[in-house]
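# Results of the structural survey
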Amino acid sequence: MIIEIGHYALVLSLATSLLLSVLPLIGARRQDAALMALAPIGSVTLFGLVALSFAALTWAYAVSDFSVANVWENSHSLMPLVYKLSGVWGNHEGSMLLWLLILVLFSAMVAVFGRNLPDSLRATVLSVQAWIGTAFLLFILLTSNPFVRLNPAPAEGQDLNPVLQDPGLAVHPPLLYLGYVGFSVCFSFAIAALIEGRIDAAWARWVRPWTLAAWTFLTAGIAMGSYWAYYELGWGGWWFWDPVENASFMPWLAGTALLHSALVMEKREALKVWTVLLAILTFSLSLLGTFLVRSGVLTSVHAFATDPTRGTFILAILSFFVGGAFALYAWRAPELKSGGLFAPISREGALVLNNLILTVSTATVLIGTLYPLVLETLTGEKISVGAPFFNLSFGLLMIPLLIAVPFGPLLAWKRGDLLGALQRLYLVAGLSLVAGFVLFYLEHGGPVMAGLGLALGFFLMLGALADLWFRSGFGKLAFSVAFARFKGLPRSAFGTALAHFGLGVTVLGIVAVTTFETETVVEMKQGQTVTVGGYSLVFDGLREAVGPNFTEERGHFTVSRAGVAVADVWSSKRIYTARRMPTTEAGILTFGFSQLYVSLGDPMADGGIVVRIWWKPWILCIWGGALVMMVGGFVSLSDRRLRVGAPSRRAKPVKALMEPAE
Amino acid sequence: MVLWIVLAVLTAVVAAVLIAPLMKARQPVLAGPEDGAAVYRDQLREIDRDLSEGLIGAQEADYARAEIGRRLLAIAGKSDATDASVVKAGPGGRHRLALSAILLCLPAVGLCLYLMLGSPGLPDQPLEARLANPGNNIALLIAKAERHLAQNPNDGAGWDLLAPIYFRSQRLADAENAYRRAIALLGESPERLAGLGETLVAGRDGVVTADALAAFERAVALNRNNMRARFYVALGLEQAGRTPEALKAFQAIAADSPPGAAWTQLVAEHIAKNGGAPAAATKAPGNPGADDIAAAQQLSATDRQQMIAGMVESLAARLKDDPNNIEGWLRLVRSYKVLGRDESAGEALKTGLKTFPPTGEEGRRLLALAREMGLSLEGISQ
């Protein structure tokens, strides 16, 4: 009965969502308070219904109810409970339900924390959210229903894809969806602004926390996904320019641009029209990503053609929202008044440069992702656009942007002094160059460009610190005064500095790994030794082991440095019994920010086994930097200014806004 | 019934929550011009701070203040305008349309879609509960035994019990594993060895492999009267082309068998095949009937499969002429699967679904069977 209640709750959500799509919108147009008041309470109800439905499905997974087709297809009664639960979204139907759950969660949060919004804006925003909800509810119920039952029920499930049986599945999709779907709020705000014909600095300030929250989660989600792929797939790579990765990276690029343009708009009421466009664009890219991943179009254009129901449905959703939004934009945007003036060299100008480069690079990634699909559809020719294309085009675009980053926060609003900023950054640039080359010599070898790359990383990091240094007036004012000013800086200043610092850390990690990493492929027999990255590994042999739903062969390695044993590591190959599917579990040892990555290959006829060992210097910086960016996002989110709206009607600080999401 | 009450209550609660704001007599609420003003005032303060940190020039700060000031004024102007057009509000009357939309939409959409998509008659079936009360569902009994053995992998008796059941369900790899575990834990016995051998033979389409032969030979060494093992040893000799030895072995089986044993006929056939004179038939030639069927049940797995295969082919031919026979299709799919001919089973399933589309009652039975038997449903739209 629980499952059927969950199913009905989902159907009832559709009815509720339909009502919310229409009634509050009419209310907002007619200034009808009662109809507008329907929006917040309805959104919270909608969240309750979808949560009920999600809980019912989760329950079916927890108790292995194989009368639910979705559970039978993606679960096994002997899996550990944590994988049973995360298995809920480890498949198409369940992950769409999670998508929907997070969408209505954001609506409910706008309803609860948006009490300082004007009633009509809030009602319109929530109505637009409900349109998106309605579209996805229809999609789930009509093409991807997770509540389809089997009668008679099978006795055992078909197991979850072994690659997904990992703690990563519990964290990565929810984080990524919090980011993806979070941008729906910005989209709804943009559409609402276009409908209302009202857009001003206050609007930007209301949108900013949502952009910031979505961006922060998306950053975390992408970094988490990259780390998961790194340790689970056993190839030692951390980014593959795979279309699925690009699908999440494009909204991130556009979202980063949005974050910065919203800043200009909030401060100076400039770039209004552009900000609205970016908000639409960012969520459109999120939808596009959902389409690419969920329609099966990526695996093969032909797979899409043979069962096009889902693909066509998402394509219809995509066209409706993207097409509709751009049409509305074309119609209404000219009516929005443009705002403040600024000189080309100014903080605003720097942010415009940031936006230009970010959008162009988004377009680059978009073309690289879609071109093979279009070509295959038109000519049947199969090509893959891989790392060389992206590294060259995207990499070249990024260099000027990265160089410009430390200048941005140092330039004054309206009209900046580039020379002054340059002078202040002389020292930073010099120090970075020295640090870059010092690190280069420490790791010795590699092209000279790497030294510059490393310097760029340090430039970003030191530049971020320099911003705080100069704003506090260290060196110019007495230390105590400067320190007091330092403490008094707004949180968003720290957020900016942290995010830019984190970016530098990531750049440092990327340059160091690509330049200095070593790959050793050897055939090893028991007792053999191999030296990698200054460490010697002794292969102690293989051993059989049995897990709850897999059997594995584990190889043990003792790692020593200068003759002293410092660590040991297991690396294994697993066979998951239900699906007879092999996976590799790489053995990873961390030394500071560097890692030793050991992966087992195929056994040889003479009793040896192929072992791949990578030395990955500074690799943790890649994700560590993302982590720092994320912290920056949260710090900025806690800035009290984001809470300014209507102080008298404010209920809770925006900081609390994150808590239900965690 | 309980389900319908819960669903009705759920609908009613949602309707009540949505109606509540419409029923309340509201104070007219002003659209908040205050909100914007607060933001702008905060921006003015921010300019002072930026100025002191050198983030904006003195002249630019003045300009910026002027810009913000203009916006504040604009808002003040707007707020007067909003005052004039006070937000409308009102109970009941005005919202009759909205009320009826809510009261109609929720039950109508909810009920229609649910009746279309849901399975209100199906209870929850948590695996634990089903395992506690498996009835005579073989798949569940197997699952239950599997879970027991996953926790007690050293329960030899459990493996011994499960092995022949696996064999009968055509899960040969599992059967082999179970027989081996039972032998490892409980020691060799003629029955276990013969069962293991038979599993290996079935897994190789009736070929007595070296592995299987070794198992049968050990079974015979333990108990010379295990006729099943002796038959397979002889069959192995026959397949190896060692005809004289095979003939001798089959003749020995015939001699040692009690009169009227079920396998007499089969052994006699093999004796004839290997060039020997049929031993004196102990069984009077009579009409094939109940006896034959009983004999078939006593036959070795390989020969039984041959017999079944003949029956299945004739069933397939019948269905080709007259496809409108759902029981026939069900039997055909099941038989092919039991014979290990998955491809033919898939073909039969597809052909059957042409006559009985998956949307119909019969089609669903076919699909359910296919699922139960673990057939791949790829390429079949549900």
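None of the values given here were measured: they were computed from a predicted structure. (Residues numbered from 1 in each chain as written. Chains lettered and ligands numbered in written order. Predicted model: local features only at pLDDT ≥ 70, side-chain atom pairs only at ≥ 80, totals over all residues. Heavy atoms only, no water.)

### Some points on the overall build of chain A
- The helix and strand tally for chain A stands at 20 helices and nine strands.
- Its C-alpha radius of gyration of 26 Å places chain A within 12% of the 26 Å reference for a compact globule of 662 residues.
- Dimensions along the principal axes, computed over C-alpha positions, put chain A at roughly 80 × 75 × 55 Å.
- In chain A, which comprises 662 residues, the share counted as buried stands at 62%.
- Partitioning the intrachain contacts of chain A with sequence separation of at least 6 by distance along the chain shows that 72% fall at a separation of at least 24.
- Looking at chain A as shown, the accessible area adds up to about 23900 Å², and 68% of this sits on carbon and sulfur atoms.
- Positive and negative charge centroids in chain A, built from 43 and 38 side chains respectively, lie 15 Å apart. (Helix = DSSP H or I, 4+ residues; strand = E, 2+ residues; numbered from the N terminus. Rg over C-alpha atoms; globule rule 2.2 N^0.38 Å. Buried < 20%, exposed > 50% of the residue type's maximum accessible area, 1.4 Å probe, protein only. Contact = heavy atoms within 4.5 Å. Areas by Shrake-Rupley, 256 points an atom, 1.4 Å probe, with all protein chains shown as cover. Lys, Arg positive; Asp, Glu negative; His and termini not counted. Charge placed at Lys NZ, Arg CZ, Asp CG, Glu CD.)

### Observations concerning the overall build of chain B
- Looking only at helices and strands, one finds 18 helices and zero strands in chain B.
- Counting across all 382 residues of chain B, residues that qualify as buried make up 40%.
- Taking contacts inside chain B between residues at least 6 apart in sequence as the whole, the part at least 24 apart equals 52%.
- Just so you have it, chain B exposes about 20700 Å², and 58% of that area is on carbon and sulfur atoms.

### Things to note about the packing of aromatic side chains
Residue and element names in this part refer to chain A.
- Under the defined criterion, the tally for this structure stands at 39 aromatic pairs over all chains.
- Pairing F591 with W615 gives two aromatic rings, centres 6.4 Å apart and planes at 45 degrees, and the pair type is tilted. Highlighted residues: F591 in strand β7 (residues 587–591) and W615 in strand β9 (residues 609–616), separated in sequence by 24 residues. Side by side, F591 and W615 carry an identical accessibility label, which is buried.
- In textbook terms, an aromatic cluster arises when at least three aromatic residues are bridged by ring pairs, as seen for W215, W239, W241, F249, W252, F389, F390 and F394.
- We note R554 situated over the ring of W570; from NZ or CZ to the ring centre the distance is 4.2 Å. (Phe/Tyr/Trp six-rings, centres within 6.5 Å; stacked < 30°, edge-to-face > 60°. Lys NZ or Arg CZ within 6 Å of the ring centre and 35° of its normal.)

### Observations concerning the state of the cysteines
- A full pass over the atoms with the stated rule returns zero disulfides over all chains.
- Of the cysteine sulfurs around C112 of chain B, a residue in no disulfide, the closest is that of C105 of chain B, at 10 Å. (Disulfide = S-S within 2.5 Å.)

### Brief notes about the sheet that holds strand β4 (residues 550–561) of chain A
Residue and element names in this part refer to chain A.
- One open sheet holds the five strands; their spatial order is β2-β3-β4-β5-β6, and the pairing between them is antiparallel. Of all the strands in the sheet, the pair left with one neighbour each is β2 (529–532) and β6 (581–585). Here the average twist between neighbouring strands, direction ignored, is 25 degrees.
- For β2 and strand β3 (residues 535–546), the ladder comprises four bridges, and the chain directions are antiparallel. Following the sheet pairing, V532 is matched in β3 by Y535. (Pairing = 2+ DSSP bridges. Axes fitted to C-alpha atoms, helices over the stretch in contact; angles between N-to-C directions.)

### A word on unusual backbone geometry
Residues and elements named next belong to chain A.
- A cis geometry characterises the amide bond from N151 onward to P152, with omega recorded as 0 degrees.
- Relative to the helices and strands, P152 resides in the loop between α6 (119–143) and α7 (167–196).
- The backbone of Q31 sits at a positive phi, close to 50 degrees, despite the residue not being glycine.
- Checked against the element boundaries, Q31 lands in the loop between α1 (2–29) and α2 (33–62).

### So, the side chain of S53 of chain A
All names here are of chain A.
- Inspection of the secondary structure assignment puts S53 in helix α2.
- You can call S53 buried: its relative accessible area is 0%.
- When near neighbours in sequence (up to four residues on either side) are disregarded, S53 contacts G6, A9, L10, L97 and F147.

### Some details on the interface of chain A and chain B
- In this assembly, 82 residues from chain A lie in contact with 72 residues from chain B.
- Applying the counting rule to chain A against chain B returns twelve residue pairs in polar contact (both at pLDDT 80 or more).
- Ranked by the residues each element gives to the side of chain A that touches chain B, the list is headed by α1 of chain A, at 15 residues.
- The residue inventory of the side of chain A that touches chain B, partitioned by class, reads 48 nonpolar, 13 polar and 21 charged. (Polar contact = N/O pair within 3.5 Å; in protein donor to acceptor, adjacent residues only side chain to side chain. Nonpolar A, V, L, I, M, F, W, Y, C, P; charged D, E, K, R; others polar.)

### Side note on the pattern of salt bridges
All names here are of chain A.
- Considering all chains together, one arrives at 20 salt bridges over all chains under this definition.
- Here R574 makes a salt bridge to E552, at a shortest N to O gap of 2.9 Å. Remark: E552 occurs in strand β4 and R574 occurs in strand β5 (residues 564–576); sequence separation between them is 22 residues. Each member of the pair, R574 as well as E552, carries the same accessibility label: buried.
- Through salt bridges with shared partners, a single network forms among E552, R554, R574 and E585. (Salt bridge = Lys/Arg side-chain N within 4 Å of Asp/Glu carboxyl O.)

### Description of the sheet that holds β7 of chain A
All names here are of chain A.
- Across the sheet, which stays open at both edges, the four strands sit in the order β1-β9-β8-β7 with antiparallel pairing between neighbours. The open sheet has two edge strands, β1 (518–524) and β7, and neither has a second partner. Direction aside, the axes of adjacent strands within the sheet are offset by 20 degrees on average.
- Sheet topology note: the β1/β9 ladder contains seven bridges and is antiparallel.

### Here we look at helix α7 (residues 156–168) of chain B
Residue and element names in this part refer to chain B.
- Taking 1.5 Å per residue as the helical rise, α7 with its 13 residues ought to reach 18 Å, and the 19 Å between its terminal C-alpha atoms agrees with that figure.
- The complete set of buried residues in α7 reads G156, G158, W159, L162, A163, Y166 and F167.
- Q170 lies just past α7 and shows a positive phi near 65 degrees. (Expected span 1.5 Å × (residues − 1).)

### Observations regarding the packing of helix α13 (residues 347–379) of chain A against helix α14 (residues 387–404) of chain A
Residue and element names in this part refer to chain A.
- At a closest axis distance of 10 Å, the pairing of α13 and α14 adopts a crossing angle of 170 degrees. On the basis of the axis angle, α13 is roughly antiparallel to α14. Across the interface between the two elements, L353, N354, I357, L358, V360, S361, T364, V365, G368 and T369 of α13 pack against F389, F390, S393, F394, L397, M398, P400, L401 and A404 of α14. (Parallel < 35°, antiparallel > 145°, perpendicular 65-115°, else oblique.)

### Digging into the nonpolar core
All names here are of chain A.
- In this structure, W99, F189 and W203 are the most contacted members of the largest nonpolar core, which totals 194 residues.
- When residues of this core are assigned to their parent elements, the largest contribution, 18 residues, is made by helix α8 (residues 201–232).
- Once you skip the residues sitting within four places of it in the chain, W99 turns out to touch I132, F136, Y177, Y180, V181, F283, L287 and T290. (Core = buried A, V, L, I, M, F, W, Y, C linked by side-chain atoms within 4.5 Å.)

### As for the packing of helix α5 (residues 92–113) of chain A against α6 of chain A
All names here are of chain A.
- Relative orientation of the contacting elements α5 and α6 amounts to 170 degrees, with a least axis distance of 10 Å. Here α6 runs roughly antiparallel to α5, going by the angle between their axes. Facing H92, M96, L97, W99, L100, L103, F106, S107, V110 and A111 of α5, the residues of α6 in contact are R122, V125, L126, Q129, I132, G133, F136, L137, F139 and I140.
- Considered class by class, the residues forming the contact of α5 with α6 number 15 nonpolar, four polar and one charged.

### Focus: the environment of L137 of chain A
Residue and element names in this part refer to chain A.
- Along the chain, the position of L137 falls in helix α6.
- The exposure class of L137 is buried, given its relative accessible area of 1%.
- Setting aside residues up to four positions removed in sequence, L137 forms contacts with L10, S13, L14, S17 and L100.

### Concerning the confidence of the model for chain B
Residues and elements named next belong to chain B.
- A residue-level look at chain B finds 81% of positions with pLDDT of 70 or above and a mean pLDDT of 77.
- When the criterion is pLDDT under 50, residues 82–92 qualifies, and its contacts beyond four places in sequence or with other chains add up to 22 contacts.
- Between residues 280–292, whose pLDDT stays under 50, and residues either more than four places distant or in other chains, the model counts two contacts.
- The ipTM for the predicted assembly is 0.79, set against a pTM of 0.77. (pLDDT = per-residue confidence, 0-100.)

### A word on the confidence of the model for chain A
All names here are of chain A.
- Looking at chain A, pLDDT values average 82 and 90% of them are 70 or higher.
- Here helix α11 (residues 301–306) is the element of chain A with the lowest mean pLDDT, 52, and α2 is the one with the highest, 93.
- Per-residue pLDDT stays below 50 along residues 645–662; that stretch engages in 35 contacts with residues further than four places along the chain or on separate chains.

### What to know about the environment of S636 of chain A
Residue and element names in this part refer to chain A.
- Tracing the sequence through the fold places S636 in helix α20 (residues 620–637).
- Given a relative accessible area of 7%, S636 falls into the buried group.
- Separated by 351 residues in the primary sequence, S636 and L285 have C-alpha atoms spaced 25 Å apart.

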